[in-house]
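Below, each chain spelled out in residue letters.
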Amino acid sequence: MKDQDRYKTILVIVTGFLVIAWIFKIPILTKISAGIAVLCIFFPFVAKWIEWAWLKLAIALGWINSRILLSIIYFIFLLPIAWLSRLFTKDPLKLKAINEPSLYLTRDHLYKKEDLENIW
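Below you will find a few notes about this structure. Values in this document were obtained by computation on a predicted structure and should not be read as measured data. (Residues numbered from 1 in each chain as written. Predicted model: local features only at pLDDT ≥ 70, side-chain atom pairs only at ≥ 80, totals over all residues. Heavy atoms only, no water.)

Okay, the overall build of the protein chain next. Counting its secondary structure elements, the protein chain contains 3 helices and 0 strands. Each helix and strand of the protein chain, placed in order from N terminus to C terminus, yields the pattern α-α-α. Here the C-alpha radius of gyration of the protein chain, 29 Å, is well above what a compact globule of 120 residues would show, namely 14 Å. Its C-alpha atoms give the protein chain principal-axis dimensions of about 80 × 35 × 25 Å. For the protein chain, with 120 residues in total, the buried portion stands at 12%. A sequence separation of at least 24 residues applies to 42% of the contacts in the protein chain between residues at least 6 apart. (Helix = DSSP H or I, 4+ residues; strand = E, 2+ residues; numbered from the N terminus. Rg over C-alpha atoms; globule rule 2.2 N^0.38 Å. Buried < 20%, exposed > 50% of the residue type's maximum accessible area, 1.4 Å probe, protein only. Contact = heavy atoms within 4.5 Å.)

Here we take up the nonpolar core. The nonpolar side chains of soluble globular proteins are, as a tendency, buried together. I10, I13, V14, I36, C40 and A47 form the largest nonpolar core, which has 6 residues in total. Among the elements that line this core, the one with the most residues is helix α1 (residues 3–24), at 3 residues. Look past the residues within four positions of A47 in its chain and what remains in contact with it is R6, Y7, I10 and C40. (Core = buried A, V, L, I, M, F, W, Y, C linked by side-chain atoms within 4.5 Å.)

To continue, consider the packing of aromatic side chains. This model, assessed by the stated rule, comprises 3 aromatic pairs. Look at Y74 and F75: their rings are 5.0 Å apart centre to centre, the planes differ by 80°, and that puts the pair in the edge-to-face class. Exposure remark for Y74: the relative accessible area of 39% places this residue in the partly exposed category. Given the relative accessible area of 54%, F75 is considered exposed. (Phe/Tyr/Trp six-rings, centres within 6.5 Å; stacked < 30°, edge-to-face > 60°.)

A few words on helix α2 (residues 27–42). For α2, with 16 residues, the first-to-last C-alpha span of 23 Å sits near the 22 Å given by 1.5 Å per residue. Among all positions of α2, only L29, S33, I36 and C40 are buried. Mapping the buried residues of α2 onto a view down its axis gives an arc of 60°, with all of them on the same face. Seen from the open side of α2, the exposed residues pointing more than 90 degrees away from its buried face are P27, K31, I41 and F42. (Expected span 1.5 Å × (residues − 1). Arc of directions from axis to C-beta.)

Let us look at the environment of I81. Summarising the element assignment, I81 is placed in helix α3 (residues 44–88). Take I81: its relative accessible area is 54%, and that puts it in the exposed class.

With 45 residues, α3 should cover 66 Å at 1.5 Å per step; its first-to-last C-alpha distance of 64 Å lies within 8% of that length. Y74 marks the point of greatest bend in α3, at about 35°. Taken together, the buried positions of α3 are occupied by V46, A47, E51 and L79. (Bend = angle between axes of the 7 residues up to and from the residue.)

Such coordinate-based values are descriptive only and should not be taken to indicate function.
Structural data, given as C-alpha cells:
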C-alpha cells in the first residue's frame, strides 16, 4: 500500500481508540492511541506492521462474521420459510401430475399491448 493509505489506516485506528475512550471513559485507550500515533510518525516501519496486523484482523473478522451472519439468516429466516412452504403448498412444481402425459402446460393467451408495457 501507499504511505498515504497506510497513514489513513493508522489515523482511523487512533481515532477509533479515542472515540471508544471518550464514550466508555477508559483513559488507557487515550494513552494507547497517542503511543500508536507517535510511534507511527517517527518510525514508519512500525506503521507498516500495525497496518498489516490491522488488515489481518479485519480479514479474520470478516471470515468469522460472514459465517455467523449467514448461518443466523439461514436458520432464523430461510429454513422456517422453507418449512412453511412445504407444509402449506401442494406440489408447487407440479411434479406429481397423475393423469397428464406431459409436464408441459399449454397456455392459450392472446398478448395485448398492456402485457409488454411492464415486462418485469
